[in-house]
2 protein chains.
Amino acid sequence: MSLEQDFLEHVRNIHRFTAIQGHLGWDQETQMPKKGARARGDILAWLATQSHQLLTDSEFGRMLDELEGQDLAPSLNANVREMRRKYDEAIKLPSEFISEFTKVRSGALVAWQDARSKSDFSLFAPHLKAIIDLTRQKIDYLGFEHTPYDVLLDEYERDMKVSDYDPLFAGLKARLVPLLKAIMDSGVKPLALPGELSFSIEDQISFCRKVSTKMGFDFDGGKMDVSTHPFCAGLWSGDTRFLYAVMHESGHGLYEQGLPLEHELTPLGQAVSLGVHESQSRLWENQIGRTSAFWEIALPWFKQLFPQIPNWTAADLNLIANEVKPDFIRVEADEVTYNLHVMIRYEIEKKIFNQDLEVEDIPQAWNQMFSDWFGLEVPSDEMGCLQDIHWSMGAFGYFPTYTLGNLYSAQLLESMAEDLGPIDEIIESGDWSSMLEWLGGKIHAKGSLLSPSELIEQATGSAPSPDAYLKYVEEKYSRLYGL
Amino acid sequence: MSLEQDFLEHVRNIHRFTAIQGHLGWDQETQMPKKGARARGDILAWLATQSHQLLTDSEFGRMLDELEGQDLAPSLNANVREMRRKYDEAIKLPSEFISEFTKVRSGALVAWQDARSKSDFSLFAPHLKAIIDLTRQKIDYLGFEHTPYDVLLDEYERDMKVSDYDPLFAGLKARLVPLLKAIMDSGVKPLALPGELSFSIEDQISFCRKVSTKMGFDFDGGKMDVSTHPFCAGLWSGDTRFLYAVMHESGHGLYEQGLPLEHELTPLGQAVSLGVHESQSRLWENQIGRTSAFWEIALPWFKQLFPQIPNWTAADLNLIANEVKPDFIRVEADEVTYNLHVMIRYEIEKKIFNQDLEVEDIPQAWNQMFSDWFGLEVPSDEMGCLQDIHWSMGAFGYFPTYTLGNLYSAQLLESMAEDLGPIDEIIESGDWSSMLEWLGGKIHAKGSLLSPSELIEQATGSAPSPDAYLKYVEEKYSRLYGL
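Residues numbered from 1 in each chain as written. Chains lettered and ligands numbered in written order. Predicted model: local features only at pLDDT ≥ 70, side-chain atom pairs only at ≥ 80, totals over all residues.

Draft legend 1. Representation of unusual backbone geometry in the model. Despite not being glycine, A:Asp356 has its phi angle at roughly 60 degrees, a positive value. When you line up the elements, A:Asp356 lands in the loop between helix H14 (338-355) and helix H15 (362-374). For B:Ser119, which is not a glycine, the phi torsion comes out positive at approximately 50 degrees. With respect to the helices, strands and loops of the structure, B:Ser119 is situated in the loop between helix H5 (95-118) and helix H6 (121-142). (Helix = DSSP H or I, 4+ residues; strand = E, 2+ residues; numbered from the N terminus.)

Draft legend 2. Inspection of the relation of the copies chain A and chain B at higher detail. Superposing chain A onto chain B takes a rotation of 180 degrees plus a shift of 0.1 Å along the axis, which leaves an RMSD of 0.1 Å. The superposition of one copy onto the other is thereby described by a two-fold rotation axis. Looking at the rotation axis and the C-alpha trace of chain A, the residue lying nearest is A:Ile20, at 4.1 Å. Mapped onto chain B, 100% of the interface residues of chain A again fall at the interface, so both copies present the same surface. (Least-squares fit on C-alpha atoms with pLDDT ≥ 70 in both. Contact = placed C-beta atoms within 7 Å.)

Draft legend 3. Region of interest: the packing of helix H16 (residues 400-420) of chain A against helix H18 (residues 433-442) of chain A. Residues and elements named next belong to chain A. Running from amino to carboxyl end, H16 crosses H18 at an angle of 115 degrees, the nearest separation of the two axes being 11 Å. Remark: the crossing between H16 and H18 carries right-handed chirality. Of the residues in H18, those touching H16 at Met416, Asp419 and Leu420 are Ser434, Met435 and Trp438. Partitioning the contact of H16 with H18 into residue classes produces four nonpolar, one polar and one charged. (Axes fitted to C-alpha atoms, helices over the stretch in contact; angles between N-to-C directions. Left-handed = near helix turned anticlockwise from the far one by under 90°. Nonpolar A, V, L, I, M, F, W, Y, C, P; charged D, E, K, R; others polar.)

Draft legend 4. A look at the confidence of the model for chain A. All names here are of chain A. Confidence in the prediction of chain A, expressed as mean pLDDT, is 91, and 95% of residues score 70 or more. Below pLDDT 50 for its whole length, residues 227-239 participates in 19 contacts with residues either more than four positions away or in separate chains. Complex prediction metrics read pTM 0.78 and ipTM 0.73. (pLDDT = per-residue confidence, 0-100.)

Draft legend 5. Here's a closer look at the interface of chain A and chain B. Taken together, the contacts link 14 residues of chain A with 14 residues of chain B. Of all the elements in the fold, those that place two or more residues in the side of chain A that touches chain B are helix H1 (3-30) and helix H2 (37-55) of chain A. In terms of residues, the side of chain A that touches chain B owes the most to one element, H1(A), which gives three residues. The residue inventory of the side of chain A that touches chain B, partitioned by class, reads six nonpolar, two polar and six charged.

Draft legend 6. Inspection of the packing of helix H14 (residues 338-355) of chain B against helix H16 (residues 400-420) of chain B at higher detail. Residue and element names in this part refer to chain B. Viewed as axis vectors pointing N to C, H14 and H16 meet at an angle of 150 degrees, and their least axial separation amounts to 8 Å. The angle between the axes of H14 and H16 places the two elements in the roughly antiparallel class. For the pair H14 and H16, the crossing hand works out as left-handed. Two secondary-structure elements touch here, H14 through Asn339, Val342 and Tyr346 and H16 through Pro400, Tyr402, Thr403 and Asn406. Class assignment for the residues of the contact of H14 with H16 results in four nonpolar, three polar and no charged. (Parallel < 35°, antiparallel > 145°, perpendicular 65-115°, else oblique.)

Draft legend 7. Quick peek at helix H13 (residues 314-321) of chain A. Residues and elements named next belong to chain A. For H13, every residue scored as buried is listed here: Leu317, Asn318 and Ala321. Seen along its axis, H13 keeps its buried residues to an arc of 100 degrees; they face one direction. The inward-facing, buried residues of H13 abut helix H12 (292-305). (Buried ≥ 20, exposed ≤ 12 C-beta atoms within 10 Å, placed from the backbone. Arc of directions from axis to C-beta.)

And the structure:
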């Protein structure tokens, strides 16, 4: 075999181990019985060690050195560049550390589920402490230039640091808080839903499958499960969460289905970043799904399945779907308050890693900030700092990528409209293939060829920026709430 | 590390790979979307190659040699013995063969699902042919003493050959066929079920969970899914399959939950054989579940959930649960006809590997035998040779272990009654813990310490034999059908 073939086969073997870890992790969250935790933790730790050993293999290091001295085709060059980043990071981490960290995370996941269901932070605290200690150790191994938290942020979105996020969030806050106040003061209220309406899960699924299929999601290559996630509560038990959760997840799924298959099991065949991933889900969920145009086309499908609904118009449904209301749970938040939820997590994480906030002080810090920003008192940790799974998985630095996804999605929508014409007309036509094709060509098919910011710049002509997003929310909500 | 530690860690690594294969195989059957097949085939083939490489590592061979020269504790001795068998077999098979076989099987599984749903054998035939060719190649690699099929039989139940099964099946057939005829001629019929009865899936699950919990199944350490398996059709849509499928699977699950945890990821911590595994499921399903005593205790639980049922007695329900009726589908067969279904598969497999039956002639051979033995014409391949998943997984030689399970279960029931007193009384008491404890001590906790036949002999005082089973079915069905 040639050097290139040897290198790619080695890369695929590393990715096979991580693909299996990913699958078993998904299974652990969705399928696994509780007592499987210990054995699952053991096997995940073993897999992590195996892939770490392959990645840090000195022979693999030599391959990288040798390839870097050559003139490479762009796709091979991208794979070498990405693997070099991973290699340089991995050789700083001892194999035992990887195994230990993975095991601790598995145990923490189960403890978090238990703590959340009992709304008792103290059950989770020792696990969280262990994870934070190990994360600090990891930061020590990797080293940092400006602040410790930077190391974590960079892991989830390349080249993003506290010095990038701080002004970004400040700018968002400066305009979102007044917008929120104006909406609250407008007196506009969506229609109240009749309390007696109830729709069968089967019919809800059938409606959501229709929307998802229209989006271009291939159900032979993906699946939709009824899970115990809160959005199962219902399409109309006071909200539309079920539908939008499906559009959101389908947006993620379309990205995955559109990645370049010829590069599978190499970095080039993977999604480039969490921020870009989130931009795909948000664009379908919010910019396409939460519009009057969407309800113009979807209302007849909806009425066919649910003939018992009142005589709602597309505008009524759109206002229901865009109700703005400060509340406790991030995943249920509207577009105006969502980024404030992210900021709370960002501020807490920054305090943990840059200012040594103690674990036991997290609930108090959370609740204080929530009260200051939302004017609401958090009634229980389940509604506060225990609501998200991320910390139990050691995913510090992850949350800000949700906000990046919102920003990117607005930039992409603007460019898409420049290329395809008014998006509302496309949505109303019911043929959404041109939008998927546009996203496919600009984003999905690129895999990890470019860096996230290069990709956004190439797709939209502008570097990542909050301007498009702020323009989008201010216009949309001013219109909806008559501001 | 000592030699023993090195050896056990190597063994555990092999088992980690096979445990992941097992998990991804389960997922492939139950969760995976259709288009996942190619990538899944690739990863399963890769895992198979990895574990094969570890197993055939010459260093591992040297460890085995060295350990065999020492005086070992019984548990280590059992692990060395089992790994020696696997090693000696594996070194005869080239790594590329293992990878190829695994990949072909993955494709065949999807083709079989498709062919079965369309009842079109021709869609499956080329895949089946490829699997049979590879299996013949495998027999060539491994070599055989008497007949080629022996190699396959031995793989699923150690030391069982055509020369063992032929007389066993002949003996069963000689007594089951007249029993079946007598039952058919008896004129006794179970109560017809009112057509309008229908029970919600949720209530059915809740009833089955109650029974399963009574059996001692730990739902924190296992799960019960609603699957697309035919038994989901319903608890009483003319049958009781749902309940008995749950008791059957719980029986398997209790064996797994009772295996010696301290030997996990080594042979000693695994179930000893398919036949013994099936004895556990059959014992709970048939010898415990399909009895009047069971319905005496379960009828009140049942009535509580389903108050709309007619005024059935325990005896009525027991007769419904034990209706004997020649029919097409093995997994729905009663205790009297079940082993005849197994024999058809055994005879076909014997013809394929010992007499070179061609793939295209399988449906005809199947249907002819079915007509001769059951007096029924198979209406479609879906009801005939396409009904079982096994061949698509290359599992030739597997079916006869179902019959062994039936035989072992009757032997175990006899011994259990000698030790614990009348089983009916225990069942009716509603406290079944003594039965689980007995099975736990005699079977579950032993893992693979002994060979299957040694285990049965140690547990029951007799070598494996069909006598107990024939006595059991003849007495039970004579009583039920007034023969």
